[in-house]
Amino acid sequence: MAPAGKVTGFCREGNDWFCNASLVSDVTLVVDGVNFHLHKFPLMSRCGRIAKILEAAQGPHEGNLLITLEDFPGGSDRFLVAVKFCYSIRVDHTPRNIVMIYCAADYLEMTEEYGEDNLLLKADAYFHKNTIRNWKDCILALQTCDPVIPKADKLEIISKCLNALSVMVCTDPSLFGWPMLMYGSLQSPGGSILWNGINTGARIQTIESDWWFEDISYLSVPLFQRLIQTMEARGIRHENLAGAMMYYCRKYLPGLGRWQSGQSGKTRTVASFSMTPAAVDQKVLLESVVKLLPELKGKSFCRFLLGLLRVALILGVNHTCQDSLERRIGMQLDLASLDGLLIPSYSDSDTLYHTDCVERMIHHFISSEPGVATTPAPSSFEIGTSPSSDPLRRVAKLVDSYIAEVASDVNLKPGKIRSLAEALPESSRSLHDGLYRAIDIYFKAHPWLSDKEKEQLCNIIDFQKLSIDACAHASQNDRLPLRVVLQVLFFEQLQLRTALAGCLHVLDTESAPAAPVTVTGPTDMAGQIVQRDGWVTVVRENQGLKVDLERMKSRVGELEEEFSKIKQEMRKVTKSHSYLSSPRFLARKIGCKLLPQSSDTQADVVESTGPTPRSSIEQPRSSRHRKSSSLF
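Everything numeric here is computed off the predicted structure, so don't read it as measured data. (Residues numbered from 1 in each chain as written. Predicted model: local features only at pLDDT ≥ 70, side-chain atom pairs only at ≥ 80, totals over all residues. Heavy atoms only, no water.)

Visitor: Would you take a moment to explain the overall build of the protein for this structure?
Guide: Looking only at helices and strands, one finds 28 helices and nine strands in the protein. Residue burial in the protein is summarised as follows: out of 632 residues, 40% are buried. As displayed, the protein offers around 36,700 Å² of accessible surface, 55% of which is attributable to carbon and sulfur atoms. (Helix = DSSP H or I, 4+ residues; strand = E, 2+ residues; numbered from the N terminus. Buried < 20%, exposed > 50% of the residue type's maximum accessible area, 1.4 Å probe, protein only. Areas by Shrake-Rupley, 256 points an atom, 1.4 Å probe, with all protein chains shown as cover.)

And the structure:
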């Protein structure tokens, strides 16, 4: 009576499926708008749900019954598979259809109560013996769960697949069997890998820890999120989980790849999987991943977070997601790079860069560093000994460079520059050269600022912390207000005096007599050695300066001697030139006698009054001298 033995197959005509049997169909089932013209007996003998519906429909009316199955898992295609099984037609189970068949068999209640080796038992056996024991089949099965997630959750299909994948990730992949060897680098000859007793002649290399990143990236966002949570509960390292999420985001967020130096790990081929990437909502993906990301620190991870923040601002994620990214970046702002902080303003703002976002990250960094915001500004020596000084100084240098980059924006207000600079405490900058450079760039890009606005902006610079070169530049900078230039000159002179006084003090200390030697204990001796070693460089520099100073003194003495000799020669030349050019010498030269003037007359009178013996003796010497000079 059963037409199952005579059925050769099914055929479709338009929107209707018909059974190739000699008996006319007596029941029509509608699944997703598709009509299946079937027979009651084979359905009632295998499907408990249809049997109950048909028993409830028995009454005075007879003929072809019309039954509509709502929310059938898998649609009309999977219902056709279940119908073929009812008609004793062979059904092949594969990793791609096992989840749908499993859900369809459960929906139709195809249990052992309605026939031995029913479809639900066969699907359950294939799932547990084949699917969850193989990495590839488990991934494929999970990918087909998206349309039937509620039903698959009820049957614990998803949770079993996720647990199986987590266990396999924690296990050495070489233990999975031959299908997993596709992830390694096979080299031949020289191997001893056996498969069913046959030497394959291949040798597998070391398997990297990121071999599974590519495979799980084909899962949808909800399943990927649940898999990461399952792996975290299993105890997988946070670094590996973060790497998997970074790989997943780079694959489905195209804008993220522009700000990354490259993908972590090597791309694995899944040609045998023949899978297609999942349909992903980028906004949902980003918000989900931010919730899953562990609290890690590192340069590459910080760069990844900055890339996520860029994409988040483009996609317009919710405030919670954006605030979480800013907080995570702020906690490791000392590891960020300048190009990562240059986030363009994607809103209707007039400024080119999103400076408000960077300012919030700076505040997050200050709040995360212990003792930075509460302690007073220490001296330069105390900064070097503070445990949080190095990150703080790196952030200060980064912020100064960031201000210098955004300062060329003509729409940037002076108040924003001031708020960015003052977001860090005074102890963060040992030198204010970077801050001065940024302010100078801002003045150059905003020549219309008044002197009052410039003076207010220059108040954030501590001119006592400028280097010699910066002071020299600032003293000649015509873009600075006059009052600021005078202040720079004052501190420059003060700095030079302080440096000179310190140098002279060290020289005096070196030239002082040595103190008497006293016997000290091991602790005091160690302290003296540490102090002595700490001043080795300074002493050597002072000795070099002392030698240079002595050389300079000797050179100055030589120059003074040469100058005195030149001065004497110049005097001689001047005297001889004045004598040769006198009128008396010319008159004697040509044989004329000049009339004596008053001064000459007085001189002659003096000479004639009474020459002394000494003058009479020296007179011929003078005449000889005059004759020699005339020849000259």
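Visitor: How do you make sense of helix α22 (residues 468-475) when you look at a structure like this?
Guide: Every α-helix carries 3.6 residues per turn, so stepping three or four residues along brings you back to the same face. All of the buried residues along α22 are Ala-470, Cys-471 and Ala-474. Projected onto a plane normal to the axis of α22, the buried residues spread over an arc of 100° and lie on a single side. (Arc of directions from axis to C-beta.)

Visitor: Teacher, can you tell me more about the pattern of salt bridges here?
Guide: For side chains of opposite charge, pairing can occur when their charged atoms come near one another. Applying the stated criterion to the full structure yields 17 salt bridges. As a salt-bridge pair, Asp-334 and Arg-394 come within 3.1 Å of each other at their nearest N and O atoms. Of this pair, Asp-334 sits in the loop between α14 (319-331) and α15 (338-341) while Arg-394 sits in helix α18 (residues 389-406), placing them 60 residues apart in sequence. With relative accessibility at 17%, the residue Asp-334 sits in the buried group. Note on Arg-394: relative accessible area 42%, which makes it partly exposed. The salt bridge involving Arg-483 is made with Glu-455; its shortest N-O contact spans 3.9 Å. Of the two residues, Arg-483 sits in helix α23 (residues 482-511) while Glu-455 sits in helix α21 (residues 451-458), which places them 28 residues apart along the sequence. Exposure remark for Glu-455: the relative accessible area of 23% places this residue in the partly exposed category. Taken together, the shared-partner salt bridges in this structure form one network comprising Glu-295, Arg-327 and Arg-328. (Salt bridge = Lys/Arg side-chain N within 4 Å of Asp/Glu carboxyl O.)

Visitor: What's the story with the packing of α14 against helix α16 (residues 355-368) in this structure? I'm lost.
Guide: Each pair of packed helices can be summarised by the angle the axes make with each other and by the distance between the axes. Across the interface, α14 lies against α16 with an axial gap of 7 Å and an inter-helix angle of 55°. Here α14 lies oblique to α16, going by the angle between them. Considering only the axes of α14 and α16, their crossing is right-handed. Facing Gln-322, Asp-323, Glu-326, Arg-327, Ile-329, Gly-330 and Met-331 of α14, the residues of α16 in contact are Cys-357, Arg-360, Met-361, His-364, Phe-365 and Ser-368. Looking at side-chain class alone, the contact of α14 with α16 contains five nonpolar, four polar and four charged residues. (Axes fitted to C-alpha atoms, helices over the stretch in contact; angles between N-to-C directions. Parallel < 35°, antiparallel > 145°, perpendicular 65-115°, else oblique. Left-handed = near helix turned anticlockwise from the far one by under 90°. Contact = heavy atoms within 4.5 Å. Nonpolar A, V, L, I, M, F, W, Y, C, P; charged D, E, K, R; others polar.)

Visitor: Any chance you could explain the pairing of strand β3 (residues 27-31) here in plain terms?
Guide: A regular strand places its side chains on the two faces of the sheet in alternate fashion. For β3, the tally of buried residues reaches five of five residues, placing the bulk of the element in the interior. Every second residue of β3 is oriented toward a common face, with Val-27, Leu-29 and Val-31 on one face and Thr-28 and Val-30 on the other, all of them buried. Bridge count between β3 and strand β4 (residues 34-38): five bridges; the pairing is antiparallel. Bridge pairing in β4 links Val-27 to Leu-38. The hairpin formed by β3 and β4 contains two residues between the paired strands, and Asp-32 there has a positive phi angle of roughly 55°. Bridge count between β3 and strand β5 (residues 65-68): four bridges; the pairing is parallel. (Pairing = 2+ DSSP bridges.)

Visitor: I tried to follow the side chain of Asp-137 on my own but got confused; where do I start?
Guide: By the secondary structure assignment, Asp-137 is in helix α6 (residues 135-143). Although Asp-137 is buried, it makes no salt bridge; Lys-136 carries the closest opposite charge, 4.7 Å away. (Lys, Arg positive; Asp, Glu negative; His and termini not counted.)

Visitor: Explain the packing of helix α8 (residues 157-170) against helix α10 (residues 221-234) here, please?
Guide: Packing of α8 against α10 leaves a shortest axis separation of 9 Å and a crossing angle of 55°. It follows from the interaxial angle that α8 and α10 lie oblique. In terms of crossing hand, the pair formed by α8 and α10 is right-handed. Residue-level contacts link Ile-158, Leu-162, Asn-163, Leu-165, Ser-166, Val-167, Val-169 and Cys-170 of α8 to Leu-223, Arg-226, Leu-227, Thr-230, Met-231 and Arg-234 of α10. Among the residues forming the contact of α8 with α10, the class breakdown is nine nonpolar, three polar and two charged.

Visitor: Help me out: how do you make sense of unusual backbone geometry in this one?
Guide: Leaving glycine aside, a negative phi is the common case for residues, and trans is the common case for peptide bonds. Although it is not a glycine, Asp-71 sits at a positive phi angle of roughly 55°. Residue class for Asp-71 comes out exposed when judged on its relative accessible area of 70%. Phi at Glu-109 is positive, roughly 55°, even though this residue is not glycine. Inspection of the secondary structure assignment puts Glu-109 in the loop between α4 (98-107) and α5 (119-131). On the basis of relative accessible area, Glu-109 is assigned to the partly exposed category, the value being 25%.

Visitor: Looking at this structure, how should I read the pairing of β4?
Guide: Within β4, four of the five residues are buried, which leaves the element mostly enclosed by the surrounding structure. Here strand β2 (residues 16-19) pairs with β4 via three bridges, running parallel. Its bridge partner lying in β4, Phe-18 is registered against His-37.

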